[in-house]
Amino acid sequence: MMGAYIMQKSKRPAISYHLAKQAVALEPGRPFPWMELGHSAKMVWQMDEAQAAFRKALTLAQDDELKAINYSNLASCVIESGRYRDAEPICLKALEHNPTHAKARANYAMCLMARGEWSGWDYYSACMDTPMRKRRAVGSEPDWKGEKGKHLFLYPEQGLGDEIIFMRFAKMLRGICAKVTYLADLKLADINGMDLLAQ
């Protein structure tokens, strides 16, 4: 099982997938090999197999934390398949077992926002300052709450395509904020209308 985890973290999903299958064959009565198979199968886009592995891990999980993790992992698979409505009750099951689980809250946020429920942002913010979403700051400034006349510092957290789309909306902040500084990818350094700090 450790080999599958190492290969997964080394971005070698095909090897991780095969090692995880071997781990499950060796220890089918423990949840962790099934969890590893779920992650590895998801990485090679075997979503049905990943979901089945997380469901099996759920049947073997003995405590609330493991159940929250596996419901959250299962919800991630369903969300990545574009089935937000199907994922929503799974997210809620994860939150029943651990209401503060960051990934479960982020998954639930995605489900809410996919149907236009912008209250999902309240759930999504729980994943800041976690391995999923690193918070960046210049100094010790507080989070922006929509106040006018401030100097706003923005940074990317998704891929380049998302960053380009986000820039369209970020430009709207110029009418609200005294100054907007965006920590941009070097490839975007020529975009006009923003003070850019290339990273």
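Scroll up for the structure.
So, here's what we can say about the structure. (Residues numbered from 1 in each chain as written. Predicted model: local features only at pLDDT ≥ 70, side-chain atom pairs only at ≥ 80, totals over all residues. Heavy atoms only, no water.)

### Focus: the packing of aromatic side chains
Right, on to step 1. Counted under the stated rule, the structure contains 2 aromatic pairs.
Right, on to step 2. Where Y108 meets Y123, the ring centres are 4.8 Å apart and the plane angle is 90°; that geometry is what we call edge-to-face. Within this pair, whereas Y108 is found in helix α7 (residues 102-114), its partner Y123 is found in helix α8 (residues 120-124), the two being separated by 15 residues in sequence.
Right, on to step 3. Assessed through its relative accessible area of 11%, Y108 is described here as buried.
Right, on to step 4. Ring centres of W121 and Y124 lie 5.6 Å apart, and the angle between their planes is 90°; this geometry places the pair in the edge-to-face category. (Phe/Tyr/Trp six-rings, centres within 6.5 Å; stacked < 30°, edge-to-face > 60°. Helix = DSSP H or I, 4+ residues; strand = E, 2+ residues; numbered from the N terminus. Buried < 20%, exposed > 50% of the residue type's maximum accessible area, 1.4 Å probe, protein only.)

### Structural notes on the pattern of salt bridges
Right, on to step 1. Per the counting criterion, the structure on display carries 7 salt bridges.
Right, on to step 2. Ionic pairing is found between E27 and R30, a salt bridge with its closest N-O pair at 3.3 Å.
Right, on to step 3. Its relative accessible area of 33% is what places R30 among the partly exposed residues.
Right, on to step 4. Between R83 and D86 there is a salt bridge whose closest N-O contact spans 3.0 Å.
Right, on to step 5. For R83, a relative accessible area of 35% puts it in the partly exposed group. (Salt bridge = Lys/Arg side-chain N within 4 Å of Asp/Glu carboxyl O.)

### Considerations on the pairing of strand β1 (residues 151-154)
Right, on to step 1. Residues L152 and L154 of β1 are buried on one face, while the alternating residues H151 and F153, pointing to the opposite face, are not.
Right, on to step 2. Between the parallel elements β1 and strand β2 (residues 179-184), the chain passes through helix α9 (residues 160-170) in a crossover that is right-handed. (Right-handed = clockwise from strand over helix to strand, strands pointing away.)

### Some details on helix α5 (residues 64-80)
Right, on to step 1. In a regular helix each residue adds 1.5 Å, so 17 residues correspond to 24 Å; α5 covers 24 Å between its end C-alpha atoms and thus fits that length.
Right, on to step 2. Within α5, 12 of the 17 residues are buried, which leaves it mostly tucked inside the rest of the structure.
Right, on to step 3. Taken as a whole, α5 has its buried residues at L66, A68, N70, Y71, S72, N73, L74, A75, S76, C77, V78 and I79.
Right, on to step 4. In this structure, the buried residues of α5 make contact with α3 (31-43), α4 (47-60), α6 (84-97) and α7.
Right, on to step 5. Of the residues flanking the end of α5, it is G82, one or two places downstream, whose phi is positive at about 80°. (Expected span 1.5 Å × (residues − 1). Contact = heavy atoms within 4.5 Å.)

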